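Residues per chain are reported as follows:
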Amino acid sequence: MNNLPIWLLHVTRTERITPHMARITLTGDDVRGFSLKEADQQVKLYFPRPGQSRPLLPEVTETTDLTSWYQAYSAIPEDDRPWMRSYTVRAHDPATDSISFDFVLHEHAGPATRWALDAKEGDCLGVFGPTDYFARPKPLSSSVEEADWILLAGDDAAIPGMATIIESLPSGKRAVAFVEVRDSTDEQPFSTEGDLTTTWLHRGSSEPGYSDLLAQALQATTLPEGEGFAWIAGEAGLVRRLRRHLVDDRGMPKSRIDFSGYWRLKLTQDDAPTSEDLAEAQERLAEAQAQSS
């Protein structure tokens, strides 16, 4: 494997696992050195621009460092520079040297959704990670093991990461999950050795981000006794709202909440960060420094 875990993978299989989610399986020579250390393992995906058969990425050698690579990436003309998005590895199969990603298919399609809708065998995708550059200050597995119970909450985009956590739960570990999807056809079965209770919330035909279902369900529920750990993900504004509820109304310490704003209503990762995004980033940095000190 290269000094930086950046490589090009090719599609080997596509499948529609629900009406609004596609699973894309990819492989490549470097997958032989791939390993998943944690559930909810995030990587960066690089999508080719129209007319490109593969994403245009800087070369990686044994001496390439992250700073020089990113500078070279940023220097690529914008019209040629691959779109970059963060995704969770849904599965890794060492037997076939393959990894899979799940893509939410929604009406206002961005570059990731467009690519997933059209993906076919042989198509090429760039991947950066897994890497310690994206690692949590504290391993997720440690937080799960230490907690008496686990709360998981999120919208469609959270399902891949949530599923990997559920699948990794220790035997008998109490877990409560709230998942918002369009309707019952978008529900997915979760496999786990944990003691899981799942509540599926159906928003109807509306797009994600406009519903109050998750917030209302969480506010109305009685959480288990003992010290919990919460994992919340999805639309950034909703995630902030759920986190505030857990901290302000439930008294849950911020250090016991893992939160990710996967996407922003009416904005993409290519848009400038909002004041709330910047404040959240500063808070994350402060928490990371506190945990490492």
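Conventions used here
Residues numbered from 1 in each chain as written. Predicted model: local features only at pLDDT ≥ 70, side-chain atom pairs only at ≥ 80, totals over all residues. Heavy atoms only, no water. Pairing = 2+ DSSP bridges. Helix = DSSP H or I, 4+ residues; strand = E, 2+ residues; numbered from the N terminus. Axes fitted to C-alpha atoms, helices over the stretch in contact; angles between N-to-C directions. Salt bridge = Lys/Arg side-chain N within 4 Å of Asp/Glu carboxyl O. Buried < 20%, exposed > 50% of the residue type's maximum accessible area, 1.4 Å probe, protein only. Phe/Tyr/Trp six-rings, centres within 6.5 Å; stacked < 30°, edge-to-face > 60°. Lys NZ or Arg CZ within 6 Å of the ring centre and 35° of its normal. Contact = heavy atoms within 4.5 Å.

A. Fine view of the sheet that holds strand S6 (residues 98-104). On the basis of which strands lie adjacent, the open sheet formed by seven strands has the order S4-S3-S7-S1-S2-S6-S5 and antiparallel pairing. Two strands in the sheet have a free side with no partner beyond their single neighbour: strand S4 (83-88) and strand S5 (91-93). Put simply, the sheet's adjacent strands are angled 35° from each other on average, direction ignored. Here strand S3 (residues 42-47) pairs with strand S7 (residues 124-128) via three bridges, running antiparallel. Each residue of the ladder has a partner; that of Leu-45, found in S7, is Val-127.

B. A look at the sheet that holds strand S8 (residues 149-154). Taken in spatial order, the five strands line up as S10-S9-S8-S11-S12 in an open sheet, and their pairing is parallel. What marks the edges here is a single partner per strand, and that holds for strand S10 (195-202) and strand S12 (257-263). Each neighbouring strand pair of the sheet contributes to a mean axis angle of 10°, computed without reference to strand direction. Judged from the six bridges that link them, S8 and strand S9 (residues 174-181) form a sheet pairing that is parallel.

C. Just the pattern of salt bridges, in detail. If you walk through the whole model with that rule in mind, you get 12 salt bridges. Notably, a salt bridge pairs Asp-156 with Arg-203, separated by 2.9 Å at the nearest N-O pair. Of the two residues, Asp-156 sits in the loop between S8 and helix H4 (159-168) while Arg-203 sits in the loop between S10 and helix H5 (213-220), which places them 47 residues apart along the sequence. As far as burial versus exposure is concerned, Asp-156 and Arg-203 are alike and both buried. Each of the salt bridges in this network shares a partner with another, and the network as a whole consists of Arg-23, Arg-90, Asp-102 and Glu-167.

D. The arrangement of the packing of aromatic side chains in detail. Following the criterion strictly, the structure yields 10 aromatic pairs and no others. For the pair Phe-47 and Trp-115, a centre-to-centre distance of 5.7 Å together with 65° between the ring planes defines the contact as edge-to-face. Highlighted residues: Phe-47 in strand S3 and Trp-115 in helix H2 (residues 111-118), separated in sequence by 68 residues. When sorted by exposure, Phe-47 lands in the same class as Trp-115, which is buried. Their ring planes at 15° and their centres at 5.6 Å tell us that Phe-190 and Trp-200 sit as a pair that is stacked. Taken together, the residues Phe-190 in the loop between S9 and S10 and Trp-200 in strand S10 connect sequence positions 10 residues apart. Three or more aromatic residues link up through ring pairs in this structure, and these residues are Tyr-46, Trp-69, Tyr-70, Tyr-73 and Phe-128. When the ring centre of Trp-83 is taken as reference, the NZ or CZ atom of Arg-114 above it lies at 5.5 Å. One Lys or Arg, Arg-243, reaches over the ring of Phe-259 and ends 4.0 Å from the middle of that ring.

E. Molecular detail of H2. Taken together, the buried positions of H2 are occupied by Pro-111, Ala-112, Thr-113, Trp-115 and Ala-116. Along its buried surface, H2 packs onto strand S1 (6-18), strand S2 (21-27), S3, S4, S6 and S7.

No statement about biological role is implied by the geometric values presented.
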